[in-house]
Amino acid sequence: MRLRTVLATVTAGLAAATCLAAAGSADAVATRSTAAADSAAAHACSPSVSLDGFSDALDKTSFGGYFVGNLSALAVDQDGSLAALADRSYLFDLDAKTLAPKKVVGLADENGAALDSEGLVVDRDGTRLITSETEPSVRRYSVDGRILDRLPVPSALLVSPAGRATANQTFEGLTLLNGGRTLLASMEYALSGDTAGIVRFQTWQRTKDDHFRLSAQYAYRTDDPALGVPEVQALPDGRLLVLERGFTSGVGNTVRLFLADPRHATDTSGIEHLTGQAGVRLIRKTLLTDIASCPSLGATAKQPQPNPLLDNIEGMAVTGRAKGAYKVLLVSDDNQNAAQTTRFYRLSVRVR
């Protein structure tokens, strides 16, 4: 009887200890889950976008005799590094993790003149497709900066008086979609004669000899006519991430990120003036986040901003995917201005 009593007592004690351990383990898991949820909430910009971090490490620095700034576009290179395009006619290679510059190449047009270089794509053979707002133009460059090709551009998209575009408001964004078969460039603002806020996206189709021929054109409406389109990036399914940006003196920047779908939009290449006429299907879009809604995470601004995190965000690249979210890198163009900052932003973006 004593043995049975002792065994029963020991068994009961072990059961109680097991329950306490399980409760403790559950509490620990719950604590970790709560902490993770709190951390995620602290980084959330919206239900679709979170800010993983930012870096000002390259602000007002130099490399290889070039000022590291004026950055207008980003692309992932074949070796996993980052290509970063400055709108003053040079191209950096950056370490993907540290952002430290590794190489810089100068660029020029066919006459050796500087570009207003704004959009960038690293093609599948490693060559660089680069836009310039000057004409506008799209040229193919070798890794060492030699011109290899120049793409045709519709006459209406040329800067006035050759066309209907306004200087410094032309090709800003550039991206490859449809598995690299289609190249798309976004105008920054509307053409003369088009309704303000309706921006044209021009595409080219890849040919068998790896050139590009003119193809369809689509229309995209910004939230406000004062906002332009500084960058577009394709997702694997043919949809686009689109940045809209503006600036108000004394207030600061507006930067919004949209998910846009050009797959059912009207081809507007044959429409002289886009005035909101019936029967023209614009590119559909959904707001993912206003960057002003992101946590500042300790960022500071050198001029008034709705959120000190904000600056003149102009470049964007999709750098990968993890845990169901696209990893997106943004960069601001400091215009070599003491009141602005070269800042990189790392986002996680979920789309449906």
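Anything mentioned here points back to the structure above.
Rules behind the numbers
Residues numbered from 1 in each chain as written. Predicted model: local features only at pLDDT ≥ 70, side-chain atom pairs only at ≥ 80, totals over all residues. Heavy atoms only, no water. Helix = DSSP H or I, 4+ residues; strand = E, 2+ residues; numbered from the N terminus. Buried < 20%, exposed > 50% of the residue type's maximum accessible area, 1.4 Å probe, protein only. Lys, Arg positive; Asp, Glu negative; His and termini not counted. Salt bridge = Lys/Arg side-chain N within 4 Å of Asp/Glu carboxyl O. Contact = heavy atoms within 4.5 Å. Pairing = 2+ DSSP bridges. Axes fitted to C-alpha atoms, helices over the stretch in contact; angles between N-to-C directions. Polar contact = N/O pair within 3.5 Å; in protein donor to acceptor, adjacent residues only side chain to side chain. Phe/Tyr/Trp six-rings, centres within 6.5 Å; stacked < 30°, edge-to-face > 60°. Lys NZ or Arg CZ within 6 Å of the ring centre and 35° of its normal.

## Observations regarding the side chain of D311
Here D311 is to be found in the loop between β19 (284–290) and β20 (313–322). Look at D311: it is buried, it has no salt bridge, and the nearest opposite charge is R343 at 5.5 Å. Residues contacting D311, with those up to four places away along its chain left out, are N253, V255, Q305, S332, D333, Q340, T341 and Y345.

## Things to note about the sheet that holds strand β15 (residues 212–221)
One open sheet holds the four strands; their spatial order is β12-β13-β14-β15, and the pairing between them is antiparallel. At either end of the open sheet lies a strand with only one pairing partner, and these are β12 (171–177) and β15. The mean inter-strand angle of the sheet, taken between neighbouring strand axes irrespective of direction, is 20°. Both β12 and strand β13 (residues 182–187) contribute to a ladder of six bridges, which runs antiparallel. Note that in β13 the partner of L177 across the bridge is T182.

## A few points about the pairing of strand β9 (residues 128–132)
Every regular strand shows the same layout, with side chains that alternate between the two sheet faces. The buried fraction of β9 amounts to five of the five residues, a majority that puts the element mostly inside the structure. Relative to β9, strand β8 (residues 117–122) runs antiparallel, the two being bridged by four bridges. If you follow V121 over to β9, its bridge partner there is L129. Counted between consecutive antiparallel strands, the loop separating β8 from β9 contains five residues, among which G126 sits at a positive phi close to 90°. In this antiparallel pair of consecutive strands, β9 and strand β10 (residues 137–141), the connection spans four residues.

## Comments concerning the environment of D209
Within the secondary structure, D209 is located in the loop between β14 (198–206) and β15. Residue classification places D209 among the exposed positions, given a relative accessible area of 52%. Here T207 takes part through its side chain, which lies 2.3 Å from a polar atom of the side chain of D209.

## Points about the packing of aromatic side chains
What the rule picks out here adds up to four aromatic pairs. With a centroid separation of 5.4 Å and 85° between ring planes, the pair formed by Y90 and F92 is classed as edge-to-face. Grouping residues by exposure puts Y90 and F92 together as buried. Ring centres of F171 and W204 lie 6.0 Å apart, and the angle between their planes is 75°; on these two criteria the pair is classed as edge-to-face. With a gap of 33 residues between them, F171 in strand β12 and W204 in strand β14 connect regions that are remote in the sequence. An aromatic cluster is defined as three or more aromatic residues linked by ring pairs; in this entry it consists of Y66, Y90 and F92. We note K285 situated over the ring of F258; from NZ or CZ to the ring centre the distance is 4.2 Å. The ring of Y326 is capped by R321, whose NZ or CZ atom sits 4.4 Å from the centre of that ring.

## So, the environment of V159
The topology assignment puts V159 in the loop between β11 (147–150) and β12. Here V159 falls in the buried class, since its relative accessible area comes to 14%. Setting aside chain neighbours within four positions, we find V159 in contact with E133, T134, E135, P136, A165, T166, A167 and T170.

Bear in mind that shape data such as this cannot, by itself, settle questions of function.
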